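Listed below, chain by chain, are the residues.
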Amino acid sequence: MAEQSMKEQLCSVKFWRAVAAEFLATLIFVFVGVASCLVAPELPVVQIALCFGLAIATMVQCFGHISGGHINPAVTLALFCVKKVNILVTVFYILGQCLGGLVGAALLYVMLPEEVHGGFGVTNVSAPVTNWQGLLIEIVITFQLVFTIFATTDSRRTDLGGSASLAIGIAVVVGHLAAVRYTGASMNPARSFGPQCLKGSWDNHWIYWVGPIIGGILAAFLYEFIFEPSSSVQRLRETYSKREGNVPTDDAEDTREEDVALKERNGK
(Lines give C-alpha, C1' and ligand atoms only; values in the text may rest on other atoms or scores of the structure.)
Protein backbone atom coordinates (compact mmCIF):
# COMPACT_ATOMS: atom_id res chain seq x y z
CA MET A 1 0.00 0.00 0.00
CA ALA A 2 1.21 3.44 -0.84
CA GLU A 3 2.36 5.57 2.07
CA GLN A 4 2.86 9.28 2.57
CA SER A 5 4.81 11.25 5.13
CA MET A 6 3.17 13.33 7.83
CA LYS A 7 4.23 16.48 5.99
CA GLU A 8 2.45 15.26 2.86
CA GLN A 9 -0.59 14.37 4.91
CA LEU A 10 -0.71 17.87 6.42
CA CYS A 11 -0.90 19.23 2.88
CA SER A 12 -3.69 16.84 1.95
CA VAL A 13 -7.22 18.19 1.51
CA LYS A 14 -8.63 14.82 2.51
CA PHE A 15 -6.80 14.92 5.82
CA TRP A 16 -8.32 18.26 6.75
CA ARG A 17 -11.71 17.12 5.47
CA ALA A 18 -11.46 14.17 7.86
CA VAL A 19 -10.52 16.44 10.78
CA ALA A 20 -13.46 18.73 9.93
CA ALA A 21 -15.73 15.68 9.81
CA GLU A 22 -14.67 14.67 13.33
CA PHE A 23 -15.34 18.23 14.52
CA LEU A 24 -18.80 18.41 12.96
CA ALA A 25 -19.85 14.90 13.95
CA THR A 26 -18.87 15.48 17.59
CA LEU A 27 -20.59 18.88 17.57
CA ILE A 28 -23.89 17.34 16.46
CA PHE A 29 -23.51 14.36 18.79
CA VAL A 30 -22.94 16.51 21.87
CA PHE A 31 -25.64 19.02 20.91
CA VAL A 32 -28.43 16.47 20.56
CA GLY A 33 -27.19 14.21 23.35
CA VAL A 34 -26.92 16.94 25.97
CA ALA A 35 -30.29 18.33 24.84
CA SER A 36 -31.88 15.03 25.86
CA CYS A 37 -30.55 15.53 29.41
CA LEU A 38 -32.19 18.88 30.03
CA VAL A 39 -35.26 17.55 31.81
CA ALA A 40 -36.07 18.06 35.47
CA PRO A 41 -36.54 16.91 38.14
CA GLU A 42 -36.12 13.28 37.08
CA LEU A 43 -34.02 12.42 34.03
CA PRO A 44 -35.64 9.77 31.80
CA VAL A 45 -32.88 7.18 31.40
CA VAL A 46 -34.36 5.51 28.33
CA GLN A 47 -34.73 8.87 26.54
CA ILE A 48 -31.11 9.77 27.22
CA ALA A 49 -29.82 6.32 26.26
CA LEU A 50 -31.72 6.22 22.98
CA CYS A 51 -30.79 9.78 22.05
CA PHE A 52 -27.05 9.27 22.57
CA GLY A 53 -27.11 5.83 20.94
CA LEU A 54 -29.10 6.83 17.87
CA ALA A 55 -27.04 10.02 17.53
CA ILE A 56 -23.75 8.13 17.44
CA ALA A 57 -25.15 5.55 15.02
CA THR A 58 -26.30 8.34 12.72
CA MET A 59 -23.01 10.22 12.87
CA VAL A 60 -20.98 7.06 12.21
CA GLN A 61 -23.17 6.34 9.19
CA CYS A 62 -22.78 9.90 7.91
CA PHE A 63 -19.06 10.42 8.49
CA GLY A 64 -17.52 6.94 8.63
CA HIS A 65 -16.40 6.99 5.00
CA ILE A 66 -14.79 10.42 5.45
CA SER A 67 -12.85 10.17 8.71
CA GLY A 68 -13.51 6.70 10.06
CA GLY A 69 -16.22 8.09 12.32
CA HIS A 70 -14.27 8.01 15.59
CA ILE A 71 -16.19 10.89 17.27
CA ASN A 72 -14.47 9.97 20.53
CA PRO A 73 -10.90 10.56 21.78
CA ALA A 74 -10.96 7.16 23.50
CA VAL A 75 -11.63 5.47 20.15
CA THR A 76 -8.90 7.46 18.39
CA LEU A 77 -6.34 6.64 21.10
CA ALA A 78 -7.32 2.97 21.02
CA LEU A 79 -6.73 2.89 17.26
CA PHE A 80 -3.42 4.70 17.72
CA CYS A 81 -2.24 2.17 20.31
CA VAL A 82 -2.74 -0.71 17.85
CA LYS A 83 -1.21 1.33 15.01
CA LYS A 84 -4.37 1.86 12.99
CA VAL A 85 -3.73 5.61 12.90
CA ASN A 86 -0.55 7.64 13.35
CA ILE A 87 0.27 10.35 15.88
CA LEU A 88 -0.69 13.19 13.50
CA VAL A 89 -4.19 11.84 12.96
CA THR A 90 -4.51 11.13 16.67
CA VAL A 91 -3.61 14.66 17.76
CA PHE A 92 -5.73 16.50 15.19
CA TYR A 93 -8.72 14.19 15.56
CA ILE A 94 -8.75 14.64 19.33
CA LEU A 95 -8.43 18.41 18.98
CA GLY A 96 -11.29 18.42 16.48
CA GLN A 97 -13.44 16.20 18.70
CA CYS A 98 -12.89 18.30 21.83
CA LEU A 99 -13.53 21.54 19.95
CA GLY A 100 -16.64 20.02 18.40
CA GLY A 101 -17.90 18.96 21.82
CA LEU A 102 -17.30 22.45 23.18
CA VAL A 103 -19.01 24.22 20.26
CA GLY A 104 -21.95 21.80 20.32
CA ALA A 105 -22.49 22.42 24.03
CA ALA A 106 -22.05 26.18 23.57
CA LEU A 107 -24.64 26.34 20.80
CA LEU A 108 -27.16 24.51 22.96
CA TYR A 109 -26.30 26.74 25.91
CA VAL A 110 -27.12 29.97 24.05
CA MET A 111 -30.14 28.58 22.18
CA LEU A 112 -32.06 27.55 25.30
CA PRO A 113 -33.15 29.71 28.23
CA GLU A 114 -31.18 29.31 31.43
CA GLU A 115 -34.28 28.00 33.20
CA VAL A 116 -34.03 24.66 31.38
CA HIS A 117 -30.27 24.21 31.65
CA GLY A 118 -30.32 22.42 34.97
CA GLY A 119 -27.11 20.43 35.31
CA PHE A 120 -26.59 20.83 31.56
CA GLY A 121 -25.63 17.22 31.03
CA VAL A 122 -22.46 17.50 33.12
CA THR A 123 -21.21 14.02 33.94
CA ASN A 124 -20.38 13.37 37.57
CA VAL A 125 -20.19 10.47 39.99
CA SER A 126 -23.40 10.09 41.96
CA ALA A 127 -23.32 9.25 45.67
CA PRO A 128 -22.91 6.73 47.19
CA VAL A 129 -20.67 5.65 44.27
CA THR A 130 -17.03 6.53 45.02
CA ASN A 131 -14.63 8.08 42.52
CA TRP A 132 -12.75 4.82 42.09
CA GLN A 133 -15.95 2.89 41.55
CA GLY A 134 -16.99 5.50 39.00
CA LEU A 135 -13.66 5.10 37.25
CA LEU A 136 -14.11 1.33 37.02
CA ILE A 137 -17.64 1.77 35.68
CA GLU A 138 -16.39 4.08 32.92
CA ILE A 139 -13.62 1.61 32.07
CA VAL A 140 -16.09 -1.27 31.70
CA ILE A 141 -18.76 0.52 29.68
CA THR A 142 -16.17 2.07 27.37
CA PHE A 143 -14.52 -1.33 26.98
CA GLN A 144 -17.76 -2.86 25.68
CA LEU A 145 -18.25 0.07 23.30
CA VAL A 146 -14.75 -0.02 21.80
CA PHE A 147 -14.72 -3.82 21.61
CA THR A 148 -17.98 -3.59 19.64
CA ILE A 149 -16.38 -1.03 17.30
CA PHE A 150 -13.38 -3.25 16.58
CA ALA A 151 -15.47 -6.39 16.16
CA THR A 152 -18.11 -4.90 13.88
CA THR A 153 -15.71 -2.98 11.62
CA ASP A 154 -13.10 -5.72 11.21
CA SER A 155 -12.37 -5.90 7.47
CA ARG A 156 -11.01 -9.43 7.93
CA ARG A 157 -14.42 -10.82 8.84
CA THR A 158 -16.69 -12.37 6.21
CA ASP A 159 -19.63 -13.12 8.48
CA LEU A 160 -20.76 -9.56 9.12
CA GLY A 161 -24.33 -8.70 8.25
CA GLY A 162 -26.60 -5.80 9.05
CA SER A 163 -25.39 -2.43 10.23
CA ALA A 164 -22.08 -1.80 12.00
CA SER A 165 -23.13 1.75 12.86
CA LEU A 166 -26.35 0.49 14.46
CA ALA A 167 -24.42 -2.07 16.52
CA ILE A 168 -22.14 0.72 17.76
CA GLY A 169 -25.16 2.85 18.60
CA ILE A 170 -26.70 -0.02 20.56
CA ALA A 171 -23.45 -0.38 22.53
CA VAL A 172 -23.80 3.29 23.51
CA VAL A 173 -27.43 2.68 24.53
CA VAL A 174 -26.36 -0.30 26.65
CA GLY A 175 -23.68 1.75 28.38
CA HIS A 176 -26.21 4.45 29.26
CA LEU A 177 -28.87 2.04 30.46
CA ALA A 178 -26.31 0.39 32.72
CA ALA A 179 -24.50 3.39 34.16
CA VAL A 180 -26.13 6.74 33.48
CA ARG A 181 -27.43 6.97 37.07
CA TYR A 182 -23.98 6.27 38.52
CA THR A 183 -21.50 8.22 36.37
CA GLY A 184 -23.54 9.81 33.60
CA ALA A 185 -22.22 7.07 31.27
CA SER A 186 -19.83 9.27 29.34
CA MET A 187 -17.65 6.72 27.48
CA ASN A 188 -16.35 9.74 25.59
CA PRO A 189 -14.04 12.48 26.95
CA ALA A 190 -15.22 14.99 24.32
CA ARG A 191 -18.85 14.46 25.36
CA SER A 192 -17.95 15.34 28.98
CA PHE A 193 -15.52 18.12 28.07
CA GLY A 194 -18.02 20.41 26.32
CA PRO A 195 -20.63 20.72 29.10
CA GLN A 196 -17.91 20.88 31.78
CA CYS A 197 -16.41 23.95 30.07
CA LEU A 198 -19.76 25.73 29.93
CA LYS A 199 -20.71 25.02 33.54
CA GLY A 200 -17.19 25.38 34.97
CA SER A 201 -17.68 22.24 37.02
CA TRP A 202 -14.49 20.18 37.01
CA ASP A 203 -15.18 17.86 39.93
CA ASN A 204 -13.97 14.37 39.03
CA HIS A 205 -13.50 15.35 35.39
CA TRP A 206 -10.33 13.26 35.26
CA ILE A 207 -12.49 10.14 35.55
CA TYR A 208 -14.04 10.88 32.15
CA TRP A 209 -10.64 10.94 30.48
CA VAL A 210 -8.80 8.20 32.34
CA GLY A 211 -11.69 5.71 32.44
CA PRO A 212 -12.68 5.78 28.75
CA ILE A 213 -9.04 5.85 27.59
CA ILE A 214 -8.10 2.80 29.69
CA GLY A 215 -11.24 0.93 28.66
CA GLY A 216 -10.72 1.74 24.99
CA ILE A 217 -7.07 0.72 24.91
CA LEU A 218 -7.79 -2.54 26.75
CA ALA A 219 -10.52 -3.38 24.27
CA ALA A 220 -8.26 -2.62 21.30
CA PHE A 221 -5.41 -4.82 22.56
CA LEU A 222 -7.63 -7.71 23.58
CA TYR A 223 -9.52 -7.75 20.29
CA GLU A 224 -6.56 -7.27 17.98
CA PHE A 225 -4.09 -9.61 19.66
CA ILE A 226 -6.18 -12.19 21.54
CA PHE A 227 -9.80 -12.54 20.41
CA GLU A 228 -9.50 -11.81 16.70
CA PRO A 229 -9.23 -15.33 15.17
CA SER A 230 -6.07 -14.62 13.15
CA SER A 231 -4.24 -12.96 16.06
CA SER A 232 -0.85 -14.34 17.08
CA VAL A 233 2.39 -13.38 18.79
CA GLN A 234 3.94 -12.95 15.34
CA ARG A 235 1.25 -10.48 14.38
CA LEU A 236 1.85 -8.54 17.59
CA ARG A 237 5.56 -8.34 16.76
CA GLU A 238 4.90 -7.27 13.18
CA THR A 239 2.48 -4.55 14.30
CA TYR A 240 5.03 -2.90 16.57
CA SER A 241 7.95 -3.33 14.21
CA LYS A 242 6.33 -1.07 11.59
CA ARG A 243 8.12 2.16 10.79
CA GLU A 244 6.86 5.26 12.50
CA GLY A 245 6.14 8.50 10.70
CA ASN A 246 4.37 7.13 7.65
CA VAL A 247 0.66 6.96 7.14
CA PRO A 248 -1.59 5.51 4.46
CA THR A 249 -2.17 7.45 1.29
CA ASP A 250 -5.17 9.73 1.39
CA ASP A 251 -6.96 7.63 -1.18
CA ALA A 252 -10.47 7.14 0.20
CA GLU A 253 -10.35 3.35 0.21
CA ASP A 254 -6.96 3.23 1.99
CA THR A 255 -8.14 5.73 4.58
CA ARG A 256 -11.21 3.64 5.32
CA GLU A 257 -9.13 0.50 5.78
CA GLU A 258 -6.43 1.95 8.00
CA ASP A 259 -8.77 3.99 10.20
CA VAL A 260 -11.07 0.97 10.63
CA ALA A 261 -13.87 2.96 9.06
CA LEU A 262 -17.11 2.72 10.95
CA LYS A 263 -19.51 2.18 8.07
CA GLU A 264 -22.29 -0.06 6.87
CA ARG A 265 -21.08 -3.52 5.94
CA ASN A 266 -23.10 -6.20 4.14
CA GLY A 267 -22.31 -9.81 5.05
CA LYS A 268 -21.19 -12.23 2.34
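Remember, it's a predicted structure, so these values are computed and weren't measured experimentally.

Undergrad: Would you mind going over the packing of aromatic side chains with me for this structure?
TA: How two aromatic rings sit relative to each other is set out by the distance from centre to centre and by the angle between their planes. Tallied over the entire structure, the rule returns 14 aromatic pairs. Judged by centre distance (5.1 Å) and plane angle (80 degrees), the rings of Phe15 and Trp16 are edge-to-face. On the basis of relative accessible area, Trp16 is assigned to the partly exposed category, the value being 38%. Summarising the aromatic geometry, the rings of Phe147 and Phe227 are spaced 5.8 Å apart at their centres and angled 75 degrees between planes, so their arrangement reads as edge-to-face. Taken together, the positions of Phe147 in helix H6 (residues 131–152) and Phe227 in helix H9 (residues 207–227) put the pair 80 residues apart, joining distant regions of the chain. The class for Phe147 is partly exposed, based on a relative accessible area of 23%. Under the relative-accessibility criterion, Phe227 is labelled exposed at 52%.

Undergrad: Before we go on, may I ask you to explain helix H4 (residues 73–81) in this structure?
TA: Residues separated by three or four positions in an α-helix point in the same direction, a consequence of the helix having 3.6 residues per turn. When you tally the buried positions in H4, you get seven out of nine residues, the bulk of the element. Looking at H4, one finds that the buried residues are Pro73, Ala74, Val75, Thr76, Leu77, Ala78 and Leu79. Where H4 begins, the capping side chain belongs to Asn72, and its oxygen is found 2.9 Å from the backbone nitrogen of Ala74. Lys83, located one to two residues past H4, shows a positive phi value of around 60 degrees.

About the criteria used
Residues numbered from 1 in each chain as written. Predicted model: local features only at pLDDT ≥ 70, side-chain atom pairs only at ≥ 80, totals over all residues. Heavy atoms only, no water. Phe/Tyr/Trp six-rings, centres within 6.5 Å; stacked < 30°, edge-to-face > 60°. Buried < 20%, exposed > 50% of the residue type's maximum accessible area, 1.4 Å probe, protein only. Helix = DSSP H or I, 4+ residues; strand = E, 2+ residues; numbered from the N terminus. Polar contact = N/O pair within 3.5 Å; in protein donor to acceptor, adjacent residues only side chain to side chain.

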